[in-house]
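Structural overview for review
So you can see what is in the structure, the chains are spelled out below.
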Amino acid sequence: MDRSVLEGDPHSVIEGMAIAAYAIGANQGYVYIRAEYPLAVKRLKNAINQAKEYGLLGENIFGTNFSFDLEIRLGAGAFVCGEETALLASIEGYRGEPRTKPPFPANKGLWGKPTIINNVETFANIAPIMLRGAKWFRSLGTEKSPGTKVFALAGKVNNVGLVEVPMGTTLREVIFDIGGGIRDNKKFKAVQTGGPSGGCIPAEYLDTPIDFDTLTALGSMMGSGGMIVMDENTCMPDVAKFYLEFSVEESCGKCTPCRIGNVRLLETLDKITSGRATMEDLERMKILGKTIKDSALCGLGQTSPNPILSTMYYFKDEYEAHVLDKTCPAGVCKNLITYKIDKDKCVGCTACARVCPVEAISGSIKNPHEIDQEVCIKCGACYATCRFGAIEKI
Amino acid sequence: MSVELESKFKQVEEYIDSLNLEGKDKVTKRSYLIHVLHKAQEIIGYLPIEVQKIIAKKLDVHASDVYGVVTFYNFFSMKPKGKYPINVCLGTACYVRGSGEILEEFKKQLGIKENETTGDGLFSIHAVRCVGACGLAPVVMIGDEVHGRLTTKDVKRLIKEYREKDK
């Protein structure tokens, strides 16, 4: 979302920053951009040069005694640098590790000087609000969350892309109306909002009007504005594991709850998805998750258990199926699925036996084949090859 | 050290000189560290320890601090990448559409693990987090080129395409 604003309308961000700088009396601004967005960097550079040419940036803007200059600073692939104090450290040329707050950046920020940090979308909103007035902005959205919000709709929906809606629009409207529903007529299972540390919201809450408070109340968050739709083929413990792998990898390692706690959570999820976990593991995971939320130093650690806690709450049955019955209802977790050949459907074409990398499939031509479960490595090659739907995934 | 590498180190030094930081205070010089590392990686392709030492000296930063920054950020690499680095996006949107399987397929086809380079120096495989092209999920970037809406069946074709390109 922020990438497309920087690529499509970089001047809106420059203007918002200049106004904010005027308001607080700042003379120097920095735009911190991910190095993964080279086009955004190029266009913003262009826009800054244009603004300087027109005297909208630089010395004595519009002939006043107000001067403001902008510089671009590139990130280098560290997710934690989205945390404000880590971002400041990165601009100063250090490892992007957050520090304790207070002091907040507004008191002690870049190089120890008072600093305000805002997101791209926030700055882009400033000029329209000043032109049309706060009343206009408040007329959109809900009372507590006025205005509009852009969501990045992705995953298993028909229409993917950026969606700008007034705050208070329901999840159902965004996913089924604008998003055009679920791909391949599959069943909606959950929507994950807010980026890697948001939570998963199940079908029962599709009619919730979206704003900052309602998403938090559902155990998720607005966060990045990402909205990933998942269908019935998604395994929730597997998704939670996916998110946690990310948090573990991106943890800066400064505080213990995040550095060690998340690794312990990941180990437990690994036990669950491979069928080695007990009910006590589930309980311990819940307590540990809450402890990490309460004790981690920055936003990354304080939210990293969200995907686990929310999926454990809304999809308890699925976790229990992994732990008690040692099955994966969505058919994702390799260790918990078995491939079987339906003797009535198998025509003995030998296609599966030929693709099997471990020669686990036996049978003669035109006769039903069989999979030796001892040898099978559950790679799924046979399942993908069979043209008669004779191979079942249980 | 090869002559080629030496001339690239020289280019990095010249670039730092062009920033006119001579005489500036330590804090200002330090703030250019990440910027300079980006440039150095662009010139050399990776950040060997020798160039880290050069940058440390030029920017008046301890070499261990430079190493600390290089190893902290994913974008910086101390190993040379392949001529065509294959970056498989493992952002959520791509993951739920099967990019994990595509990553496995690349590893299988090329016979290397993540962050390794093939013997001929042509390919290296990397997992990256969200390249911001979620609408095209699942996405793989090979060099600067984005390939979207892929399935495991496309993997062989892509490898072949780039092999032929190199001939």
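Rules used in this analysis
Residues numbered from 1 in each chain as written. Chains lettered and ligands numbered in written order. Predicted model: local features only at pLDDT ≥ 70, side-chain atom pairs only at ≥ 80, totals over all residues. Heavy atoms only, no water. Phe/Tyr/Trp six-rings, centres within 6.5 Å; stacked < 30°, edge-to-face > 60°. Buried < 20%, exposed > 50% of the residue type's maximum accessible area, 1.4 Å probe, protein only. Lys NZ or Arg CZ within 6 Å of the ring centre and 35° of its normal. Helix = DSSP H or I, 4+ residues; strand = E, 2+ residues; numbered from the N terminus. Pairing = 2+ DSSP bridges. Salt bridge = Lys/Arg side-chain N within 4 Å of Asp/Glu carboxyl O. Core = buried A, V, L, I, M, F, W, Y, C linked by side-chain atoms within 4.5 Å. Contact = heavy atoms within 4.5 Å.

On inspection of all chains with the given rule, the structure shows 15 aromatic pairs over all chains. Ring centres 5.4 Å apart and planes at 65° place the aromatic pair Phe242 of chain A and Tyr243 of chain A in the edge-to-face group. With respect to class, Phe242 of chain A is no different from Tyr243 of chain A; both count as buried. When the centroid spacing of 4.9 Å and the interplanar angle of 75° are considered together, the rings of Phe72 of chain B and Tyr73 of chain B count as edge-to-face. For Phe72 of chain B, a relative accessible area of 13% translates into the label buried. Here the aromatic cluster, defined as three or more aromatic residues joined through ring pairs, consists of Tyr22, Phe66 and Phe68 of chain A. Just above the ring of Tyr37 of chain A sits the side chain of Arg3 of chain A; from NZ or CZ to the centre is 4.8 Å. We note Arg73 of chain A situated over the ring of Tyr32 of chain B; from NZ or CZ to the ring centre the distance is 5.3 Å.

Residue and element names in this part refer to chain A. Most of strand S7 (residues 226-231) sits inside the fold, with six of its six residues counted as buried. Residues Gly226, Ile228 and Met230 of S7 are buried on one face, and the alternating residues Met227, Val229 and Asp231, pointing to the opposite face, are buried as well. Taken together, the four bridges between strand S3 (residues 148-155) and S7 define a ladder with parallel strand orientation. In the strand pairing of S7, Ala152 is matched with Gly226. Where strand S5 (residues 188-193) meets S7, five bridges bridge the pair, whose relative direction is antiparallel. Bridging from a neighbouring strand, Phe188 pairs with Asp231 of S7.

Turning next to the pattern of salt bridges. For the coordinates displayed, the defined rule picks out 29 salt bridges over all chains. Of the charged contacts in the structure, one is a salt bridge between Lys58 of chain B and Asp17 of chain B, with a shortest N-O distance of 2.8 Å. In this pair, Lys58 of chain B sits in helix H4 (residues 49-59) while Asp17 of chain B sits in helix H1 (residues 3-18), placing the two residues 41 residues apart along the sequence. Overall, the relative accessible area of 41% leaves Asp17 of chain B in the partly exposed class. Close ionic contact of Lys108 of chain B with Glu105 of chain B constitutes a salt bridge, the shortest N to O distance being 4.0 Å. Of this pair, Lys108 of chain B and Glu105 of chain B both sit in helix H7 (residues 99-110), three residues apart, which is roughly one turn of that helix. Its relative accessible area of 16% is what places Glu105 of chain B among the buried residues. A network of salt bridges, in which partner residues are shared, links Glu83, Glu84 and Lys101 of chain A.

Before going further, it helps to spend a moment on the nonpolar core. If you look at the biggest cluster of nonpolar residues, it comprises 51 residues, and the most contacted ones within it are Met285, Ile308 and Tyr319 of chain A together with Leu37, Ile55 and Tyr73 of chain B. If near-sequence neighbours (up to four positions away) are discounted, Ile308 of chain A is found in contact with Ala240, Leu244, Leu265, Leu269, Met285 and Tyr319 of chain A. Grouped together as the second largest cluster of nonpolar side chains are 40 residues, Val157, Val163, Val174 and Tyr314 of chain A included.

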